[in-house]
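# Fold and contact review
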Amino acid sequence: MMTGAFFENWFLPGIWITLQVTFFSAALAFVVSFVVGVLRAAPSRIVRILAGAYFEIFRSTSSLVFMFWIAFTVPMLFHIQFYGMAAGVLALGLTYGAYGSEIVRGALAAVPAAQREAGIALNFTRIQRLRRIEIPQAWPEMLPPFNNLLIELLKGTSLISLITVADMTFSGNLLRLVKGESAPIYTLLLVLYFVLAFLLTRGMRLLERRAKAKIGQAPEKTGLFGGLRSRSSIDAVTGTAGTGGAK
Amino acid sequence: MSAESPHTANTPVTDANPAVDGSELIRFDKVTKRFAGNTVLDNLCFSVDSGKHVTLIGPSGSGKTTILRLLMTLVKPDEGTIKVGGDYLTHEERGGKLVPAGEKHIREVRKNIGMVFQQFNLFPNMKVLQNIMEAPVQVLGLSKDEAEARARELLDMVGLADRCDEYPSRLSGGQQQRVAIARALAMRPQVLLLDEVTSALDPELVAGVLDVLRDVARTTDITMLCVTHEMNFARDISDQVLMFDGGKVVESGSPEKIFGDPDHDRTREFLSAVL
């Protein structure tokens, strides 16, 4: 059904483009998530309002329209020309960063207040508390929703085919035009997105396990108290865990 | 606005040496604190001298814990001022006026105060040794080696030298609380606040924690403010006992006096209920 030359010249590079766009958009979205998510709980009201406004605006705009806007309107208005992939990455990163900021904000808010108080009692600055106490504890809680978002983002990258970046979807469409066959090509695309998403999920699970181990939550592979280890961190800090076990 | 009360007006603001035994270290001046319209502390005045061990007793809801939380700056007073070592804790003087203090001022005064919590509040993301080293390194700027030496010494003192590589969740409540005491002491505070530190513990683990605190009381000149229901412990370590009720000090005196022959019926009632 697919000629070898076409596969090599279009489809493989298409997969590669999709992966690149996913990677760069995710990196941008990740940074935006943290900056905006943290600032949404800033002590300064003005900062909170600005960060909140970012979240509301970017979560409520269509990624696709925003992508068109960056790719086609910005060059006209500001005389800045974005290379197609950059426009796509910018639009996806900024939009998904808004969603991500909600994940960061929520996970930080879920860190028990007692942890913040312990940090104050040791005279940490706000930044130190965030960096050393709150973010490390919130991090494992962020990973499952970040995984969801990453998969959404991967699938969302297909939008860049509409600003003529030759990603997987673009190549598929091209092939459909050449071959005049829709069913096998779209099926192949679906499977490819699934495989990529599945691989990302496996990677994120691994990260999550590691993150939990780092805050003393994961089951240890050996050890006498393996059965007690599946408790949550909240149990651990409130002292309901292991009172009888360890001594 | 003149919040200075007569007896503190001449206290030097900085260079005083509050560690000198007997000088006034903590002063509450007409402190009022309300939570949702409920007055928890009502125009409260009291002071604690440096090096003293003071126990706060009284029925629950009488504002004892709030006093410790005010001192730790976890909550701010609605009215009145608190001084520690001659400095305002949550206020600062600017242009002759007393205004709410900025973060920098608060941290400067707060560095003299440490706290041990009812629920330990160890950092679950750090192993025991790191829990103790973290603040000395980050906040005091100690080198890793210095901080580690200090932490190991303290862990030895609380009898947990062999658990330094464990995560807190692997320890019993009593062990966690002893680590929390070591963590607070690693900051070399002048004042140690103990907020019902044995209330969350299984009965058989209480003694170990109290032994450590007796040790601290005996071997250091740290001023201790202690909210506890362990009356025997209070009797042992206290120089002074403050009986609270309804957000006010009902009665204050030596443990012999308060536990033996209190002046007020309210104190007598309370003690007969808990002893």
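As recorded in an unreviewed UniProt entry, chain B goes by the name Ectoine/hydroxyectoine ABC transporter ATP-binding protein EhuA, listed as coming from Streptomyces polyasparticus. Word for word, the UniProt comment on chain B under Sequence similarities (unreviewed entry) is "Belongs to the ABC transporter superfamily." Taken directly from UniProt, the Subcellular location (unreviewed entry) text for chain B runs: "Cell membrane".

## Side note on the packing of aromatic side chains
Residue and element names in this part refer to chain B. For the structure shown, the criterion picks out 15 aromatic pairs over all chains. Between Phe46 and Phe244, the ring centres sit 6.3 Å apart and the planes meet at 85°, which makes this aromatic pair edge-to-face. Placement of Phe46 in strand 2 (residues 38–49) and of Phe244 in strand 11 (residues 240–245) is noted, with a sequence separation of 198 residues between them. Overall, Phe46 belongs to the buried group, its relative accessible area being 7%.

## Some points on a nonpolar patch on the surface
Judged by side-chain polarity, A:Val191, A:Phe194, A:Val195, A:Phe198 and A:Leu199 come together as a nonpolar surface patch covering roughly 480 Å² of accessible area. As for its position among the elements, A:Val191 is in helix 8 (residues 183–214).

## Considering the UniProt feature "domain: ABC transporter" (unreviewed entry) in chain B
Within this structure's numbering, the places UniProt gives as "domain: ABC transporter" (unreviewed entry) are residues 26–271 of chain B. For the annotated span residues 26–271 of chain B, helix accounts for 37% and strand for 28% of the residues, and the straight-line distance between the end C-alpha atoms is 26 Å.

## Side note on the sheet that holds strand 12 (residues 248–253) of chain B
Residue and element names in this part refer to chain B. Read across the sheet, 6 strands follow the order 8-9-10-3-11-12 without closing on themselves; strand pairing throughout is mixed. Each edge of the sheet is formed by a strand with only one pairing partner; in this case those strands are strand 8 (113–116) and strand 12. Averaged over all neighbouring strand pairs, the angle between strand axes comes to 20°, with direction disregarded. Across 5 bridges, the pairing between strand 9 (residues 191–195) and strand 10 (residues 223–227) is parallel. Its bridge partner lying in strand 10, Leu193 is registered against Leu225.

## Quick word on empty space enclosed by the protein
In this structure the tally under the stated criterion is 5 cavities of 30 Å³ or more. Estimated volume of the second largest cavity: approximately 60 Å³. Looking at the second largest cavity, the residues that line it are A:Ala118, A:Ala121, A:Leu122, B:Met115, B:Val116, B:Phe117, B:Phe120, B:Ala180, B:Arg183 and B:Ala184. Mapped by element, the contributors of at least two residues to the lining of the second largest cavity are helix 5 (113–121) of chain A together with strand 8 and helix 5 (173–185) of chain B. The element that contributes the greatest number of residues to the lining of the second largest cavity is helix 5 of chain B, accounting for 3 residues.

Parameters at a glance
Residues numbered from 1 in each chain as written. Chains lettered and ligands numbered in written order. Predicted model: local features only at pLDDT ≥ 70, side-chain atom pairs only at ≥ 80, totals over all residues. Heavy atoms only, no water. UniProt positions renumbered as here; feature names shortened; annotations may be inferred. Phe/Tyr/Trp six-rings, centres within 6.5 Å; stacked < 30°, edge-to-face > 60°. Helix = DSSP H or I, 4+ residues; strand = E, 2+ residues; numbered from the N terminus. Buried < 20%, exposed > 50% of the residue type's maximum accessible area, 1.4 Å probe, protein only. Patch = residues over 30% accessible without salt bridge, like charges linked within 9 Å, V, L, I, M, F, W, Y side chains within 5 Å. Areas by Shrake-Rupley, 256 points an atom, 1.4 Å probe, with all protein chains shown as cover. Salt bridge = Lys/Arg side-chain N within 4 Å of Asp/Glu carboxyl O. Pairing = 2+ DSSP bridges. Axes fitted to C-alpha atoms, helices over the stretch in contact; angles between N-to-C directions. 1 Å grid on protein atoms, 1.4 Å probe; cavity = no way out; pocket = protein on both sides within 12 Å on 5 of 7 lines; lining within 4 Å. Points joined across faces, edges and corners; volume = space filled by probe spheres on them.

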